[in-house]
Amino acid sequence: LFAASNDPKDQLASILVEEGKLGPDQMQVAQARVSSGNPLAKVLTELGYISQRELAEAARVKVERILTDLYTWSEGTFEFATKSLPKGAIDLNLSTPHLITASLRRIQDRDLVLKELGSLETVLTPSEILDTFINETKADAQTIEVLRQADGMKTVQQIASLSSLGEFEVCKILAAAVVVGAM
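Below is a summary of the structure that appears in this document. (Residues numbered from 1 in each chain as written. Predicted model: local features only at pLDDT ≥ 70, side-chain atom pairs only at ≥ 80, totals over all residues. Heavy atoms only, no water.)

### Observations concerning the overall build of the protein
Then step 1. A count of helical and extended segments in the protein gives 10 helices and zero strands.
Then step 2. Its helices and strands taken in sequence order, the protein reads α-α-α-α-α-α-α-α-α-α from the N to the C terminus.
Then step 3. Along the first, second and third principal axes, the C-alpha set of the protein runs to 60 × 30 × 25 Å.
Then step 4. Split into buried and exposed, the 183 residues of the protein put 39% on the buried side. (Helix = DSSP H or I, 4+ residues; strand = E, 2+ residues; numbered from the N terminus. Buried < 20%, exposed > 50% of the residue type's maximum accessible area, 1.4 Å probe, protein only.)

Next up, the structure:
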């Protein structure tokens, strides 16, 4: 799994600096050593600036940010391609439901999330893949509780009132389940 974007905030270097994993000076040193056969990820680990785990975490954030941005587009182009990863890319081994859920949970636009649900009065019924969705997204106990409340009788608003997560967070969880077909 890999994503690329021409938005500077979605670049691995920007994410690492923003999250405080690297200082701007360290990034400048690393960038000077990058070449076609020596990608940034390799340079950063060789210099000992970050661990493989930190690098994988930043790469996951990068992919989630790029996908989250796609939800907000009113127009533009994108491509989903099945091919080998680019040289130096980290295989994140994320499931599609996990990625969609993580991306939707990053969204701050309430209207965009509610668009997936229809309204707060929508009644959701779980599909046969709900348990698979829970497993693939590595859902925590609160998320599982929200998903289990969707019983074909309660509205989104009723489910939200039963959770300590807050209405918007509950809506994001349920929207992700709808998008992947678990509801």
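### What to know about the side chain of T143
Then step 1. For T143, the position within the fold is in helix α8 (residues 141–149).
Then step 2. Relative accessible area serves as the criterion here: at 6%, T143 is assigned to the buried category.
Then step 3. Apart from the residues lying within four places of it in its own chain, the contact partners of T143 are R105 and I173. (Contact = heavy atoms within 4.5 Å.)

### Focus on the side chain of H98
Then step 1. Within the secondary structure, H98 is located in helix α5 (residues 96–106).
Then step 2. Given the relative accessible area of 16%, H98 is considered buried.
Then step 3. Residues contacting H98, with those up to four places away along its chain left out, are E64, E136 and T137.

### A short note on helix α10 (residues 167–179)
Then step 1. In a regular helix each residue adds 1.5 Å, so 13 residues correspond to 18 Å; α10 covers 18 Å between its end C-alpha atoms and thus fits that length.
Then step 2. Looking only at α10, the buried set comprises V170, C171, K172, I173, L174, A175, A176 and A177.
Then step 3. Contacts from the buried residues of α10 go to α5, α6 (110–117), α7 (130–136), α8 and α9 (156–161).
Then step 4. One or two positions beyond α10, positive phi appears at G181, with a value near 85°. (Expected span 1.5 Å × (residues − 1).)

### Observations concerning the pattern of salt bridges
Then step 1. Tallied over the entire structure, the rule returns 12 salt bridges.
Then step 2. We note a salt bridge from D69 to K9, for which the minimum N-O separation is 3.0 Å. You can see D69 sitting in helix α4 (residues 52–72) and its partner K9 sitting in the segment before α1 (12–18), a full 60 residues away along the chain.
Then step 3. Across the pair E167 and R110 runs a salt bridge, and its minimum N-O distance is 2.6 Å. Remark: R110 occurs in helix α6 and E167 occurs in helix α10; sequence separation between them is 57 residues.
Then step 4. Residue class for R110 comes out partly exposed when judged on its relative accessible area of 32%.
Then step 5. Linked through salt bridges whose partners overlap, the residues forming this network are E57, R60, E64 and R106. (Salt bridge = Lys/Arg side-chain N within 4 Å of Asp/Glu carboxyl O.)

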